[in-house]
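# A closer look at the structure
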Amino acid sequence: MVLALKYRPKKFSEIIGQQTTIKTLMSALDKKQLANAYLFSGLRGSGKTSTARIFAKALQCEKGESSEPCEICENCIMANENRHIDIIEMDAASNRKIEDVKELIEHTRYKPTIGKYKVFIIDEVHMLTREAFNALLKTLEEPPEYVKFILATTDPLKLPSTILSRTQHYRFTKIDSNLIQNHLKYILAKEGVPFEDKAVELLAKSGNGSLRDTITLLEQAVAYSKGNVTLDIVVEMLGVVNPEIIEQLFNLVLEGKKGEVREFVHQIADYDIESIFDEIIFYLKDALFHNSFSLITIERFFKIVADMKELLKINVDNEFVLNLMLFKMIEASKPYKIDDLIAQYEREIKNYSAQK
């Protein structure tokens, strides 16, 4: 079975990294303070649709609206199996026209068949046309008492203000890498798959805060490694530079060894240049929080990386860009005496005056 589906959350307590939002939704359920419509926005794979389904199940549970559905009644069982007739999901990316929304509105005219509510989950709602949004407005504001809407989107800025004003908006944040790593380790332990911590760390970084995307990468890694997820296997699978190489490279930079830096760059020049830059940025972020370099040095390094990324836009040779970047970092990491800096400043002023 696909891991992302097998380990998809079924309870609020299983949602990773969205504590504030989940706590608020649970409180609303327990206090019976329910809105007509909710909007869940955030990065893909951050838990929006899973939360929407759990919230819908909590509304339908036979024991009544609760933050902890019983999981044993017919409504809960059908909701968990995604076959509850009164929980209707619509993908606005493929059903975006006014005719699709009119059909949905028609469904709101009929009372729920077996549950207490008819819950409409509209995913990627920002994809609806302007006419479709206009058709939805009135129903969204004053739906029948048995109707609830849950809208989900990765791009809330594309929603009309009229829609935003009619919903309770919950923002799903990017999931912390440490939380993702812990969840991946939990899955691997449950599946009985041995792994290396650094391999899991690299997978978590590659998922860019999306839990679903990261679990998909994990499943790929388990298959690719034939049941032993190591750092070397993950590096090979992703086609990225080994983070340990980046660490060695920066050691050479701090030691000012330009010759060895050039040899290193020649070895990694065939890798995707963007992935190399990503690994360098990850390394610098980690160095910032672990006080590996001085704050001034890290700031200089980030400015150099930003400048070099601009060079890539004009198709400059990748190996040249990497060498230039690292040589500039070597210069930036050197300590300068105040007298040398003053002398350099005076020379620049003198040259500037001569040019005028």
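Cut-offs applied
Residues numbered from 1 in each chain as written. Predicted model: local features only at pLDDT ≥ 70, side-chain atom pairs only at ≥ 80, totals over all residues. Heavy atoms only, no water. Core = buried A, V, L, I, M, F, W, Y, C linked by side-chain atoms within 4.5 Å. Buried < 20%, exposed > 50% of the residue type's maximum accessible area, 1.4 Å probe, protein only. Helix = DSSP H or I, 4+ residues; strand = E, 2+ residues; numbered from the N terminus. Contact = heavy atoms within 4.5 Å. Phe/Tyr/Trp six-rings, centres within 6.5 Å; stacked < 30°, edge-to-face > 60°. Pairing = 2+ DSSP bridges. Patch = residues over 30% accessible without salt bridge, like charges linked within 9 Å, V, L, I, M, F, W, Y side chains within 5 Å. Areas by Shrake-Rupley, 256 points an atom, 1.4 Å probe, with all protein chains shown as cover. Salt bridge = Lys/Arg side-chain N within 4 Å of Asp/Glu carboxyl O.

Turning our attention to the nonpolar core. What tends to happen in soluble globular proteins is that the nonpolar side chains get buried as a cluster. Core analysis: the largest hydrophobic core is formed by 32 residues, its most contacted members being Phe250, Phe277, Ile280, Phe301, Met325 and Met329. At the level of elements, helix H12 (243-255), helix H13 (258-268), helix H14 (273-289), helix H15 (295-312) and helix H16 (318-332) are the ones that each hand at least two residues to this core. By residue number, the principal contributor to this core is H14, which donates eight residues. Look past the residues within four positions of Phe250 in its chain and what remains in contact with it is Ile280, Tyr283, Leu284, Phe293, Phe301 and Met329. Grouped together as the second largest cluster of nonpolar side chains are 26 residues, Ile175, Ile187, Val193 and Leu211 included.

What the rule picks out here adds up to eight aromatic pairs. Ring centres of Phe250 and Phe301 lie 6.0 Å apart, and the angle between their planes is 45°; this geometry places the pair in the tilted category. With Phe250 in helix H12 and Phe301 in helix H15, the pair connects residues that are 51 residues apart, well separated along the chain. One exposure class covers both Phe250 and Phe301, and it is buried. The structure contains a cluster of three or more aromatic residues connected by ring pairs, namely Tyr38, Phe40, Phe55, Tyr170 and Phe172.

What follows deals with the pairing of strand S1 (residues 37-42). With six of six residues buried, S1 lies mostly within the body of the structure. Of the two faces of S1, both are covered, the one formed by Ala37, Leu39 and Ser41 as well as the one formed by Tyr38, Phe40 and Gly42. By the bridge criterion, five bridges tie S1 to strand S5 (residues 168-172) in an arrangement that is parallel. The residue bridging Tyr38 from the neighbouring strand is Gln168, located in S5.

A cluster of nonpolar side chains, namely Leu288, Phe289 and Leu295, defines an oily patch on the protein surface of about 350 Å² accessible area. Structurally, Phe289 is set in helix H14. On the accessibility criterion, Phe289 (67% relative accessible area) is exposed.

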